[in-house]
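Tertiary structure, described
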Amino acid sequence: MATEFVAVRHNEDGDLTHFKTADGNILNYEEALALVEQGEVDGVTIGKARNGRTTIRGVADGDPSNNLDHLETF
């Protein structure tokens, strides 16, 4: 069964570093990326940054309020 991210943590540069899942698990970026790559997280997808790094992105639905950067922080 897939989960979803409900909160995030940013570093001092504003980059996402940790994700909290609906069931309360705290994942670092690499752990979260692995789950997304396995299709275990709803509402997100994999993208590529300009520098070629694989990134976690919210699914573009035209609603900026549910973007990952706008999730609750912890």
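Residues numbered from 1 in each chain as written. Predicted model: local features only at pLDDT ≥ 70, side-chain atom pairs only at ≥ 80, totals over all residues. Heavy atoms only, no water.

Considerations on the nonpolar core
- In terms of nonpolar packing, the biggest core is built from 14 residues, with Phe 5, Phe 19, Val 44, Ile 56 and Leu 68 touching the most fellow members.
- The set of elements that each furnish at least two residues to this core consists of strand S1 (5-10), strand S2 (16-21) and helix H1 (29-37). (Core = buried A, V, L, I, M, F, W, Y, C linked by side-chain atoms within 4.5 Å. Buried < 20%, exposed > 50% of the residue type's maximum accessible area, 1.4 Å probe, protein only. Helix = DSSP H or I, 4+ residues; strand = E, 2+ residues; numbered from the N terminus.)

Quick word on the side chain of Thr 17
- If you trace the backbone, Thr 17 turns up in strand S2.
- For Thr 17, the residues in contact, after removing those within four places along its chain, are Arg 9, His 10, Asn 11, Leu 27, Asn 28 and Tyr 29. (Contact = heavy atoms within 4.5 Å.)

Thoughts on the pairing of S2
- With 5 bridges joining them, S1 and S2 adopt antiparallel strand pairing. Residue pairing across strands places Ala 7 opposite Lys 20, the latter belonging to S2.
- What sits between S1 and S2 in their antiparallel hairpin is a turn of 5 residues, with Gly 14 showing a positive phi close to 90 degrees.
- Here S2 runs beside strand S3 (residues 26-28); their pairing, made up of 3 bridges, is antiparallel. The partner of His 18 across the bridge, within S3, is Asn 28. (Pairing = 2+ DSSP bridges.)

Observations regarding the sheet that holds S3
- Pairing is mixed across the open sheet formed by 4 strands, whose spatial order is S3-S2-S1-S6. Of all the strands in the sheet, the pair left with one neighbour each is S3 and strand S6 (72-73).

Focus: the packing of aromatic side chains
- This structure, assessed with the given rule, holds 2 aromatic pairs.
- Seen in terms of ring centroids, Phe 5 and Phe 19 are 4.6 Å apart; in terms of plane orientation they differ by 35 degrees. Their pairing is tilted. Of the two residues, Phe 5 sits in strand S1 while Phe 19 sits in strand S2, which places them 14 residues apart along the sequence.
- When the centroid spacing of 5.7 Å and the interplanar angle of 55 degrees are considered together, the rings of Phe 19 and Tyr 29 count as tilted. With Phe 19 in strand S2 and Tyr 29 in helix H1, this residue pair connects regions lying 10 residues apart in the sequence. When sorted by exposure, Phe 19 lands in the same class as Tyr 29, which is buried.
- An aromatic cluster of at least three residues, connected via ring pairs, comprises Phe 5, Phe 19 and Tyr 29.
- Above the face of the Tyr 29 ring, Arg 53 is positioned so that its terminal group lies 4.7 Å from the ring centre. (Phe/Tyr/Trp six-rings, centres within 6.5 Å; stacked < 30°, edge-to-face > 60°. Lys NZ or Arg CZ within 6 Å of the ring centre and 35° of its normal.)

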